[in-house]
Amino acid sequence: MSREIINQFCQTLPGAECTDPWGGGHDAWKIGGKMFAMIGVMHDGVSVKTADVASAEMLIDMERAIKAPYFHRSWVRIPWGHVPDDELRERVETSYQLILSKLPKKVQNALRDANK
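To start, this report covers the structure provided alongside it. (Residues numbered from 1 in each chain as written. Predicted model: local features only at pLDDT ≥ 70, side-chain atom pairs only at ≥ 80, totals over all residues. Heavy atoms only, no water.)

1. With respect to the overall build of the protein
Phase 1: Along the protein, the regular secondary structure elements total four helices and six strands.
Phase 2: Ordered by position from the N terminus, the helices and strands of the protein form the series α-β-β-β-β-α-β-β-α-α.
Phase 3: Whereas a compact globule of 116 residues would reach a radius of gyration of roughly 13 Å, the protein reaches 14 Å, a difference of no more than 12%.
Phase 4: Dimensions along the principal axes, computed over C-alpha positions, put the protein at roughly 40 × 30 × 25 Å.
Phase 5: For the protein, restricting intrachain contacts to residue pairs at least 6 apart in sequence, the fraction spanning at least 24 positions comes to 44%.
Phase 6: In the form shown here, the protein has an accessible surface area of approximately 6,600 Å², with 54% of it arising from carbon and sulfur atoms.
Phase 7: Of the side chains in the protein, 15 bear a positive and 15 a negative charge, and the two mean positions are spaced by 9 Å. (Helix = DSSP H or I, 4+ residues; strand = E, 2+ residues; numbered from the N terminus. Rg over C-alpha atoms; globule rule 2.2 N^0.38 Å. Contact = heavy atoms within 4.5 Å. Areas by Shrake-Rupley, 256 points an atom, 1.4 Å probe, with all protein chains shown as cover. Lys, Arg positive; Asp, Glu negative; His and termini not counted. Charge placed at Lys NZ, Arg CZ, Asp CG, Glu CD.)

Encoded structure:
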């Protein structure tokens with residue numbers, strides 16, 4: 001898995017958009033203005049949100065991920081090649097769904113309508 005493949009995958013998620021909020025070459029993938037995945041300038045993996053701190057800690061303890069620097073403890077970084085590609089895609093999509101579910105219903109409906 002690589003930055004290019006993750007970016008291609010994120011582009012397929014309804015309403016997803018890529019920004020570089022800090023400059024310097026970050027790929028911050030957002031839905032409704034809220035980030036769900038981030039590839040930093042080191043290009044060493046992708047950071048994603050988990051359901052909660054306990055889930056993040058479990059993934060770290062299982063050596064499926066590492067702590068995502070500068071992010072809340074519910075986020076993890078998954079280094080390239082650390083997990084199978086299908087698991088990485090699943091983690092990105094789960095992060096996307098978690099963020100989408102927290103958006104206001106009006107925003108969720110607008111995103112759904114835009115993708116019909």
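On we go.
2. A few points about the pattern of salt bridges
Phase 1: One pass over the full model with this rule turns up five salt bridges.
Phase 2: Where aspartate 44 meets arginine 77, a salt bridge forms, and the shortest distance between an N and an O atom there is 3.4 Å. A residue pair is termed long-range when its members are at least 10 positions apart, and aspartate 44 in the loop between strand S3 (34–39) and strand S4 (45–49) and arginine 77 in strand S6 (residues 75–79) qualify at 33 residues.
Phase 3: Judged by its relative accessible area of 14%, arginine 77 falls in the buried class. (Salt bridge = Lys/Arg side-chain N within 4 Å of Asp/Glu carboxyl O. Buried < 20%, exposed > 50% of the residue type's maximum accessible area, 1.4 Å probe, protein only.)

Interpretation note: all reported values are geometric properties and have no functional meaning in isolation.
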